[in-house]
Amino acid sequence: MSSPQTEAVVDEIYACLVGRTSWERFVGNLAARVPGGKASLFCYNPSEKKGTFNLASPMDEADAISFRDYYVHVNPLIPPALERPVDLGTVADTLCARDVFLRSEFYNDYLRPQGIESAMGVTAVRDPSCFFFLIGFTGQADGNANEPFARMFGETSPHLRRAFSFYRRSVTREAIGPIGHSILDAFNAGAVVVDEERMIRSASPSAREMMTHGVGIRSHGRGVRMALPRANDALRLMCKRDYTGPKTLAFTSRTERVTLVSIRKDPLPAYFEGPTILILIEPLARELQASDIEDVGRLFQLSAAEQRVVLGLVEGLSARMIADRHGISVETVRTQIKHIYAKTESSSRVDLIRTLQGLAVHGPPG
């Protein structure tokens, strides 16, 4: 059974998720529970061997930054912490011998000047690009006295992981929902949301169609790869947690415009979810020509009469106007339209024209 102190900390985590309090206050309150203590939510990228974000209290900003940018590299607790099982709260003495710890640069130049004698922590999330730690620093050196706080951190860890998952799920819903899909489809743009591993989190119907036909973008395993190499290179950079470049980048080729948008909102959700990028792929349409209609006719095996109807639909003519132009009945035109929709797998005039525009830009698939 969790202690009352743990239950209070867990309540604060969920209060943060529903907006009743802030993560800054959560970290501050946690630090206040540790004797002579400080607390930090810290994210470490093991492949790049560097900290990418930390929220610390009551540290000043300079101390927090120096911990993230320098002292993490000389911290003797980090290597064993990377091997520590998830949800196992530990004190510093179990990760590193006390005499080794006391001789370290981390202790002598960073912790000791702040009145800190030891630490405890837990790994809440272990992802390829992010180890998410909850760390407590304390003024008491006795490892046995610090054990209850390590246990509290361990009991809190699963709830922090749920917060991490919540942010990762919710950012996808907010980034591109059904309404967003409809708006984007209206002008034939595809939208794909990817996470920091460049894995697909969400994709609009148009984007899925583009990926199926390899138009501008295609799926690559669970991830994506775009036709424009410059866009791929930029996406790789934007997916790094320490990326500091423009939030929006656009690339244009003869056939499409690619826009990359970082949809992170504020540091704390970004800390949990990592970078999330919205990719917009917009085919650059041109005016349809008679030769395009002939190409469509050959591709979809349309008769000459059906091709004439297609041209009328593209010009915006009604079924009656097309019938009058060619001296046939309206019912014949309507039957031909049904056959055209079936052969081109279109559901409406707009859908048909979108298909024709895509073929005019990219050419027939294959």
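Look a little higher up for the structure.
Residues numbered from 1 in each chain as written. Predicted model: local features only at pLDDT ≥ 70, side-chain atom pairs only at ≥ 80, totals over all residues. Heavy atoms only, no water.

## A look at the overall build of the protein
Where we set the bar: Numbering goes from the N terminus for both helices and strands, where a helix is a DSSP run of H or I of at least four residues and a strand is a run of E of at least two. Throughout, a contact is declared for two residues whenever any of their heavy atoms are within 4.5 Å. Values of accessible area rely on a 1.4 Å probe in the Shrake-Rupley scheme; residue burial ignores everything except the protein chains shown.
Within the protein, the regular secondary structure consists of 17 helices and 12 strands. Counting only contacts in the protein whose residues sit at least 6 apart along the sequence, the fraction spanning at least 24 positions is 60%. Counting only carbon and sulfur atoms, one obtains 53% of the accessible surface of the protein, whose full area is about 17,300 Å².

## Regarding the packing of aromatic side chains
Definition in use: Pairing of aromatic rings covers Phe, Tyr and Trp, the last through its six-membered ring, and needs centres within 6.5 Å; plane angles under 30 degrees mean stacked, over 60 mean edge-to-face, and all others mean tilted. Burial here depends on accessible area, computed with a 1.4 Å probe over protein chains only, as a share of the maximum for the residue type. Under 20% is buried, over 50% is exposed, and the range in between is partly exposed.
Scanning all chains against the criterion turns up 10 aromatic pairs. Ring geometry for phenylalanine 67 and phenylalanine 137: centres 5.9 Å apart, planes at 85°, overall edge-to-face. Residue phenylalanine 67 is located in helix 3 (residues 61-74), and its partner phenylalanine 137 is located in strand 5 (residues 130-138); the two are separated by 70 residues in the primary sequence. Across the pair, phenylalanine 137 and phenylalanine 67 agree in class, each one buried. Considering the side-chain rings of phenylalanine 131 and phenylalanine 133, the 6.2 Å spacing of their centres and the 55° angle between planes classify their relative orientation as tilted. Residue phenylalanine 131 is classed as buried on the basis of its relative accessible area, which comes to 7%. Under the relative-accessibility criterion, phenylalanine 133 is labelled buried at 2%. Among the aromatic residues, those joined into a cluster by ring pairs are Phe42, Phe67, Tyr70, Tyr71, Phe106, Tyr110 and Phe137.

## Considerations on the pattern of salt bridges
What counts is decided by this rule: The salt bridge criterion pairs a side-chain nitrogen of Lys or Arg with a carboxyl oxygen of Asp or Glu, the two atoms within 4 Å.
Enumeration over the complete set of coordinates arrives at 12 salt bridges. The shortest N-O distance in the salt bridge between arginine 33 and glutamate 12 comes to 3.1 Å. One end of the pair, arginine 33, is in helix 2 (residues 23-33); the other, glutamate 12, is in helix 1 (residues 4-17), and 21 residues separate them in sequence. Residue classification places arginine 33 among the partly exposed positions, given a relative accessible area of 25%. In this structure, glutamate 306 and lysine 343 form a salt bridge, with 2.9 Å as the shortest nitrogen-oxygen distance. Highlighted residues: glutamate 306 in helix 14 (residues 304-314) and lysine 343 in helix 16 (residues 330-344), separated in sequence by 37 residues. Lysine 343 gets classed as partly exposed once you look at its relative accessible area, which sits at 35%.

## Things to note about helix 14
Helical periodicity: at 3.6 residues per turn, an α-helix aligns residues three or four positions apart in one direction. Looking only at helix 14, the buried set comprises Glu306, Gln307, Val309, Val310, Gly312 and Leu313. Positive phi appears at glycine 316, one or two residues downstream of helix 14, with a value of about 90°.

## Digging into the packing of helix 14 against helix 16
Quick reminder of the rule: To get an axis, fit a line to the C-alpha atoms, keeping to the stretch in contact for a helix; angles then go from 0 to 180 degrees between the N-to-C directions. If an angle is under 35 degrees, it is roughly parallel; if it is over 145, roughly antiparallel; if it lies from 65 to 115, roughly perpendicular; otherwise it is oblique. In this count, Pro and Cys sit with the nonpolar residues alongside Ala, Val, Leu, Ile, Met, Phe, Trp and Tyr, while Asp, Glu, Lys and Arg are called charged and the others, Gly among them, polar.
Contact geometry of helix 14 with helix 16 gives a least axis separation of 10 Å together with a crossing angle of 90°. Considering the angle they form, helix 14 stands roughly perpendicular to helix 16. Residue-level inspection shows Ala305, Glu306, Val309, Val310 and Leu313 of helix 14 in contact with helix 16, the latter providing Val333, Gln336, Ile337, His339, Ile340 and Lys343. For the contact of helix 14 with helix 16, a count of residues per class yields 7 nonpolar, 2 polar and 2 charged.

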